[in-house]
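So you can see what is in the structure, the chains are spelled out below.
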Amino acid sequence: MTTITIPKKLIFNDDLIILPRRRYEELLKQSSTKTKYDREKLTWKKSAKKNLFKLYSKADSIYDQI
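Residues numbered from 1 in each chain as written. Predicted model: local features only at pLDDT ≥ 70, side-chain atom pairs only at ≥ 80, totals over all residues. Heavy atoms only, no water.

## Quick word on the overall build of the protein chain
- Helix and strand counts for the protein chain stand at one helix and zero strands.
- In the protein chain, which comprises 66 residues, the share counted as buried stands at 0%.
- Of the roughly 7,400 Å² of accessible surface on the protein chain, a fraction of 59% belongs to carbon and sulfur atoms. (Helix = DSSP H or I, 4+ residues; strand = E, 2+ residues; numbered from the N terminus. Buried < 20%, exposed > 50% of the residue type's maximum accessible area, 1.4 Å probe, protein only. Areas by Shrake-Rupley, 256 points an atom, 1.4 Å probe, with all protein chains shown as cover.)

Written out as structure tokens, the structure is:
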């Protein structure tokens, strides 16, 4: 088994984690998917809010006519 020396400067303030490359790539895929989902969720939320304001303004104009 090969010995690896890790300098203290490298791990001074952070934790050092060693992962196989395949697992690292899987984690990257999952994190990018999550951010894509969050962006889509935010887009739908903005759209729903905009449509809600349109509906309320139409309802207000109808009540003003009565």
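Text resumes after the structure shown.
## Comments concerning the pattern of salt bridges
- Following the criterion strictly, the structure yields two salt bridges and no others.
- Across the salt bridge formed by Arg 21 and Glu 25, the nearest N and O atoms sit 3.9 Å from each other. Of this pair, Arg 21 and Glu 25 both sit in helix H1 (residues 21-65), four residues apart, which is roughly one turn of the helix.
- Measuring nitrogen to oxygen at the nearest pair gives 3.5 Å for the salt bridge that ties Glu 26 to Arg 23. With a gap of three residues between them, Glu 26 and Arg 23 both fall in helix H1, about one helical turn apart. (Salt bridge = Lys/Arg side-chain N within 4 Å of Asp/Glu carboxyl O.)

## Things to note about a nonpolar patch on the surface
- On the surface, Ile 4, Ile 6, Leu 10, Ile 11, Leu 16 and Ile 18 cluster together into a nonpolar patch covering about 610 Å² of accessible area.
- Its location among the elements puts Leu 16 in the segment before H1.
- Looking at Leu 16, the relative accessible area reads 42%, which means it is partly exposed. (Patch = residues over 30% accessible without salt bridge, like charges linked within 9 Å, V, L, I, M, F, W, Y side chains within 5 Å.)

Geometry only, nothing functional implied.
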